[in-house]
Structure formats: structure tokens, C-alpha cells
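# What the coordinates show
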2 protein chains.
Amino acid sequence: MTDRRRASAAVAVLRAVHRQPGIERAAATRKLAMTSGLTTETVARLSGLGLLSEHPVPPTGARGRPTTALGPHPRGPLVAAVVIGHETWRIAVAQLGGTGLAHTQRPHRRDPGEVLTVLAARLRSLRRRYGLRIRAVAVSVPGTVHGNRVAQAANLGWSDVDLSVLWPRDRGARPFLAGNDATFAAVAEARRGSAAGSELMVHLFMEAGLGGAVVEDGRPALGATGTAGEFGHMPFGDPAQPCRCGARGCWNTAIEGAAIARMLNQPPPADEVSYSRQVFAAARASLIPGAPPRAELAVVQAVARSVGTGAAGLANALDPSIITLGGLGRDLLDIAGGQVYPAYLAGLMQFRRTSPPPLLPAHFGGDAPLVGAIEEAFSAVLTDEGLRTWSSNRRPRSRPGRPKT
Amino acid sequence: MTDRRRASAAVAVLRAVHRQPGIERAAATRKLAMTSGLTTETVARLSGLGLLSEHPVPPTGARGRPTTALGPHPRGPLVAAVVIGHETWRIAVAQLGGTGLAHTQRPHRRDPGEVLTVLAARLRSLRRRYGLRIRAVAVSVPGTVHGNRVAQAANLGWSDVDLSVLWPRDRGARPFLAGNDATFAAVAEARRGSAAGSELMVHLFMEAGLGGAVVEDGRPALGATGTAGEFGHMPFGDPAQPCRCGARGCWNTAIEGAAIARMLNQPPPADEVSYSRQVFAAARASLIPGAPPRAELAVVQAVARSVGTGAAGLANALDPSIITLGGLGRDLLDIAGGQVYPAYLAGLMQFRRTSPPPLLPAHFGGDAPLVGAIEEAFSAVLTDEGLRTWSSNRRPRSRPGRPKT
DNA sequence: GTATTATACTCGGTCTACGAGTAAAATAAC
DNA sequence: GTTATTTTACTCGTAGACCGAGTATAATAC
């Protein structure tokens, strides 16, 4: 039968090392409730496979035989992460633990063909350089992603773009994941950011509009078609306001750049992300003592109240242990936390107010989608299946020495 | 290490039989991707343990050695389910597959002490009658449940009531689960109702207010504190309307009995559930051709639009494969489907409209919480741990014959 | 009757993890 | 300095679950 087991001890150890590089053997043994014998076997096997390395730890002064620290192997598995932003693209290669080995960032002109051609070339080059060490690729896009296609990316002006050209399938069938930037950002916060270790978190990612994700034990809720997390299209707004999505009263109509422009009696901006950033900067400037009051501040405060109320509604419905605000949401808390928090508390059901889920700024800024993409790529690698594939790739050269001629 | 495996083959077979009693051995073998040898071993073991029974199947006329059908064992494990409703309580005992062996329903006077005393006595009696065959108990309450306590149950007038008195812990530590009726109703629909087999469903359960749950692969999303699913307290309503929960603009303020009374310029009803039912009945009556138009119909239609719009918002955010409407929601679709569906479609993001998640009436009516409670109780039983407990309980009498004197 | 087909059963082998016992490498006590 | 204590690592026999190849069984088809 197709392997009915959960993560084997080997995968559990790899995941523990990925989550916390440098974790000590003895600590991992306890945390995973393993017997010391199993740890010995497992670590020996994983080291032999080139999956992790052991290092001595500096003496602690405590009694007992010293343990060792577990870290990524210098020739161990890697993942590639690609982030297509509204002005630049980024590529990174990361090893176990999430630390990067390579990183490139370039501006682009939003032409899908052009961008994908350049990125495909970069990925080919990485493939040549790292070979089979690259075990998975994740691509983040600021838009709606269905399978490997970008259905719609408003801020890029893309629609129905096939991303699978970036990573031709090879015999190894290495995982290729495409996803929404807000979802990846949420994963980043849940695994390594403000919500690290949380069982159930909600991330609200505010850039042009509002996106995000529910993340349970580090796994994002992707929905039936992979398009969950469009929180900006819940009817938390004014029912009279039409939204670009075709509905009315979407939360986004109280938050996104076009909404801010409307409230400021300005024409709809061409680049909403940059526009919102400017308005936020202006609002922030008027906070400086003695600075003249500006209309931008009042608008940002209105947005803040809307975000607070909506966050409370999500807390009521989903009962998360924590909510994080990313992207411009971090600035929002900074500039108008005095509006966000009261609105949040007021929107919570009475019984939730005694210990409300913390509403915190995200830990990551612009790196969030990249970190999340790396995490998701590793999630696809650190499985029993991934372990099998890695082992079988290495088996041919298991006997060290020159290849026979 | 503490058993790292997923459900063993034995548990997988038990779950398959529970899901589909009478499933054929050969079909189960294929469905679970088992080898025939493993099936032989597993079925023999489970039959021997008194967990399931084999029956010949009527000849199909097809070639090949005939298979057998798998069903619950006549002395196999049972669960008890208790449903406390706003006017009556119910208790049922069910065997593998969910079919009932016993069922009682009685009216009550909403006095917590009185109700719990009677229910505890009934459960003691069931315990005497069925002994250790009862492996778990689930209790459904129309209110907010934290652990084993009812935090608040508005329609019962209960607050801070401890349910654990119903089921004293014994050595076996048999699972005792308390939960919200809407959550159990959602599970019922997801496992055996309109959304049977769905990967990701959202259930909206409308009784006094709106509750429900997101159910993924049959498992309800309970939230960090077990109080997820309070969809009625998302701000989908008029921001000016105060809600009993302490917030403003809750969806409930457009839907619940008090809201309906307000819209009809009537005083707030004492029993909202009954009141809403009456209004719905009046609205339904005015649909009969030739009947005089009634204000109730317009109000129910307004409620319908609100439900449709909100359901769309949830679909946008959560991307379910199906949404079901239970409780009064079934009547709502019946009476005012012409308002629900257009509002639902209009509220969906453009790209979801080409194949929107079906919005269907629930399959179960008043039985939904009972069926869901039985399902959840069995979920707690059909695990490796549950299997171990059952086996160890039987081990003493493993050698058939009279007990030694 | 014999062939074909679908299913069930048998049994040796593998893999994972347990658990009890032993060894190693540090500090603490005398 | 030697011995005791503590913590961790390693060894090895055993148990359990499942695979997989081969065999047996019970039906229909020819």
C-alpha cells in the first residue's frame, strides 16, 4: 500500500533542523520524543546521505557527555525561490534552515514574456551551477494563481500567464510551486516571523489590496482551488461601493489605493502600491510634533479603523491564536495603531475581549514572500518522498572513488 | 518514540467501513491501495477483535471469486451522542457506520441543573447497558463551548455550565467531547450530507443567529480555543446596528430573530428560534398563489440577500468547494432562493463566477447536530490509540470460556 | 470439463522503531 | 589525581507492519 506512515523519524529530524538550524542532537531527541538509539541511527544515515552535518558545541560547563549541533550539509539539498514583485523580481537559493546561498534582485518592466524569459534563464543557470542539489522551486506572484498559471495580477497587468515555462519538468519531477505573495508572506510570518510556532494564525497582507492566509501549524489553507485568502473581497465595506472584482462593498473598497484616492478626492492612481506608500508617508510626516495637520492622516486613520474592525470579524469567525499585519499593514499599525486597536477590540465578541488574539505587525517587510516561498519549497522537499528521491539520486555514487572507465 | 505513524491499515479499514458500511473487501483494498495480503491480515485481526464482521454478498454475476461485505460487529464499539436543543434534549447510541441502536428525545425546561441531572442519569443507564462498548461521548450545545464548559448559550439562557458532570472520567479515559451545535451540523453535512466527500466545505447553520464551520476532509476547523465558526459576528451588516455580542454591524444583526422583529416593527421576541420559524412560515404562506402579500415575505427576502452576500464573502476568502445552508437556511433557500442566489453570485469575485462553489441546502434538518456528534465521537475512537485501548480491554477475555472461579 | 477471471490466503523478507544494556565524555567530590 | 555522578551516544536483539511473489479458491465463460 502507498506508504501509510507519517513523517518518519528521518524527516522529523530534518524538519527540526530546518526549523531551528544548530539544534542540538539531545534537544532534538527530546523534542521529537525519540529514543537515543533511533537518533544515532537516523543522524548517521542523514549525515551519510549528505543531508545534514554535525558540529561540536562549545562546552557549556554542564556535566555529562557533550552533544553535537545539527546543521545543513555543505552539499545538501537546496531550494530556489522566485518572487515577482510589482517593480522588481528576486531569485534566491537557500539551504536547509532557510539561509541563503545566492540572491539576485532586478527591476523589470512588467512584460510577462520578458520577465519570464529572464527568470527562466536565471533558473537554468542555477540548475547548471547547483545541479540536482536544487530540489524544488517556488514562485511568488502578486495575484491570483490557479495551479501554475497566473489567473490575474492587477498590479502587474498580467492575466492568464503560464509560469511553468520557468522550470521544465525533468525526470526527477522536482516540485514546482506557484502561489500568491500574500500566502507566502503569511507562511513566512507563521514559520519564522511574528507568529512563529503558532498553531493557528491569520495574516493580513496589505499591499494594493488586502490578501493573506490562514496558516495552521505552518501549513497555509489554500482552499479548494488554491485561491483562498482573498480577505479584501469580504463585504466589510460600504455596500454601495463597487469593487473592481465585480462585487460591491468589498473590504478593499475601504482600503486599497483607489479607495484612498477617492477619500482624498484625487483621481485613481496608476500605480496603487506606490501611491498608498506616498499617502502613508505623508500621514506619517504629519505625526511629527508641530507638523501641519494633513488630510492624509485622517484617511489613513479611517483605513486603520476599517482594518481593525475587519480583523476582529476574522478573529470572531476563525478563532486564531494570533493575527499579523504585513506589507503596508506594518506602517498602518505604526502610524495609526491608535485607531486599529480600539476598532479591533470593539469588533470582537464580548467573550473574546478578556484575552484577545494578539494583533501584531509582521516581522518581515519586503522579504516576506521570499522567505515564505523558501519555506513552502522546503515543505515540499522535507517529506518521505523527497527523502527517497534524494537517496536514489545519490545511490549511484554511494561507493566513493573515481567513476569506472 | 511516540508512534510516528499515520493511521495504520487497521484504522484505515475501520474508517472506510464507518464511512460506507457494507463496503466490499475488494473495493476497500483498492480504495486504500492495500495489498490483498495486508487486507487478509487486517480484516482477520479486526474481526477477531470484535470490531467488524464479514457478510457474503449476493452474487453479482461477474466472474471471479466472490468478495465479502464489511460491516459493524454486533458486539463492536459504540458511541453516545447527546444533543441539548433549545426545547428538547436527545440521546442516541450508534454503532460503526453511524446507524443508531437507541434514541431518546424529551422536552426540557432549560434549567441547567435539571437537564444535566437527567442526562447524566441516562448516560449512566447506557453505560450499565452497553458497558465498555461505549467508547466515546459527544455533547452538542447551542452556544459557545470552551473545553467542557458552556461559556454562553443565549437560547438556553445558560452561561458557564460545566458539562463534564455528564461523563465521569473512568480508568479507560474514554473521550468526552463537547461542542457547538453548528459545528456538529457542519460535520454531519461534510461527512454524510450534502457535502459528503468534499475536501473543503463551509456550512452556515442558521437557527437564532448564524454559526457554522469550515470542514476540511471531514475535520472541522475548531480554532485556537475551539470557538471558531461564529460567522454571524463578522461585520457584514449595517455598521450602525449594535449586536448583543458587544460589537456593531455583525451579520447577525441582519439575520437573527431580533433583527427580523426590528424589521417588522415588532418587539424583540422572547424565543427567537420559534419566532423566526413563525415569520418564515408566514412568508412561505404568502407565496401561495392568490395569497395576500405579507410584510414577512419582504423581510425574509432581505435576510436572504444578506445571507447570499455573506456566503459570497466567505467563498471569496476561504475558497471552499461547496457551501451548505442548514437550519432555517434550508427554508430560506426554499422560500427566497430567488434572492439568495443572485446576491451570492453578485458577491463573488469575477473569476469565481464561471464555476462558483455550489450553495446548497443542507441534507439534514433537526438531526444534523446529532449525526455530527456521532461522527465526531467516532473520529475520536477510530484512531490507533482507540484501537489499542479496545484491544487491551478485550485481552483479558481473549481465551474464550467461562471465567475461572 | 477446462479456461479465465477476480479475489483471498500464505509466507519470507525488509524496514522502522523500541528498549535494555553498554560505552563515552564531561563535571563534581573527595 | 582518583573516583563518582551525570548526560549523552552507541550497540544489538526483538517486535510489528507491510510488501511482494507465489499459490489457492470460487465464481463465470467456453
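Below or above, wherever it landed, is the structure these notes cover. (Residues numbered from 1 in each chain as written. Chains lettered and ligands numbered in written order. Predicted model: local features only at pLDDT ≥ 70, side-chain atom pairs only at ≥ 80, totals over all residues.)

## What about the pairing of strand β3 (residues 78-84) of chain B?
Residue and element names in this part refer to chain B. Most of β3 is tucked away: 7 of the 7 residues are buried. Burial along β3 is two-sided: the residues L78, A80, V82 and I84 and V79, A81 and V83 are all buried. Of the strand pairs in this sheet, β3 and strand β4 (residues 88-95) are connected by 7 bridges, and their pairing is antiparallel. Considered in β4, the bridge of V79 is made with A94. Remark: 3 residues form the turn of the hairpin made by β3 and β4, two consecutive strands paired antiparallel. (Buried ≥ 20, exposed ≤ 12 C-beta atoms within 10 Å, placed from the backbone. Helix = DSSP H or I, 4+ residues; strand = E, 2+ residues; numbered from the N terminus. Pairing = 2+ DSSP bridges.)

## Description of the packing of helix α5 (residues 181-192) of chain B against helix α10 (residues 368-381) of chain B
Residues and elements named next belong to chain B. Two elements in contact, α5 and α10, have axes separated by 7 Å at closest approach and are oriented at 75°. Put simply, α5 runs roughly perpendicular to α10. Every residue of α10 that contacts α5 at D181, F184, A185, A186, V187, A188, E189, R191 and R192 is listed here: A368, P369, V371, G372, A373, E375 and E376. (Axes fitted to C-alpha atoms, helices over the stretch in contact; angles between N-to-C directions. Parallel < 35°, antiparallel > 145°, perpendicular 65-115°, else oblique. Contact = placed C-beta atoms within 7 Å.)

## Quick word on unusual backbone geometry
Residue and element names in this part refer to chain A. At A33, a residue that is not glycine, the phi angle is positive and equals roughly 55°. Along the chain, A33 falls in the loop between α2 (25-31) and α3 (36-48). On the neighbour-count criterion, A33 (12 C-beta atoms within 10 Å) is exposed.

## Describing helix α8 (residues 295-318) of chain B
An α-helix turns once per 3.6 residues; consequently, residues spaced three or four apart project the same way. Residue and element names in this part refer to chain B. Here α8 contains 24 residues, and its C-alpha end-to-end distance of 35 Å stays within 8% of the 34 Å for a straight helix at 1.5 Å per residue. Among the 24 residues of α8, 19 are classified as buried, and the element is accordingly described as predominantly covered. Just past α8, the residue D319 takes up positive phi, approximately 55°. (Expected span 1.5 Å × (residues − 1).)

## Here's the deal with the relation of the copies chain A and chain B
Under the fitted operation, chain A is carried onto chain B by 0.0 Å of movement along the axis and a turn of 180°, and the coordinates agree to an RMSD of 0.1 Å. Seen this way, the second copy is the image of the first under a two-fold rotation axis. Interface overlap between copies: 100% of the residues of chain A at the interface are likewise at the interface in chain B, consistent with a symmetric, same-surface contact. (Least-squares fit on C-alpha atoms with pLDDT ≥ 70 in both.)

## Details of the interface of chain A and chain B
At the interface, 49 residues of chain A touch 49 residues of chain B. Residues belonging to the side of chain A that touches chain B are distributed by class as follows: 26 nonpolar, 17 polar and 6 charged. (Nonpolar A, V, L, I, M, F, W, Y, C, P; charged D, E, K, R; others polar.)

## Focus on the pairing of strand β12 (residues 210-216) of chain B
Residue and element names in this part refer to chain B. The buried fraction of β12 amounts to 6 of the 7 residues, a majority that puts the element mostly inside the structure. In this antiparallel pair of consecutive strands, strand β11 (residues 200-206) and β12, the connection spans 3 residues. Two elements, β12 and strand β13 (residues 219-220), share 2 bridges in a ladder whose sense is antiparallel. Residue V215 lies in a different strand from β13, and its bridge partner there is P220.

## So, the sheet that holds β13(B)
Residues and elements named next belong to chain B. Taken together, 5 strands build an open sheet; the order of strands is β13-β12-β11-β14-β15 and the sheet is mixed. The strands lining the two open edges of the sheet, one partner per strand, are β13 and β15 (359-361). Bridge count for β11 against β12 is 7 bridges, and the pairing is antiparallel. Residue pairing in the sheet places H203 in a bridge with A213 of β12. Sheet strands touched by α5: β11, β12, β13 and β14 (322-327). Its angle to β12, the strand with the most contacts, is close to 45°.

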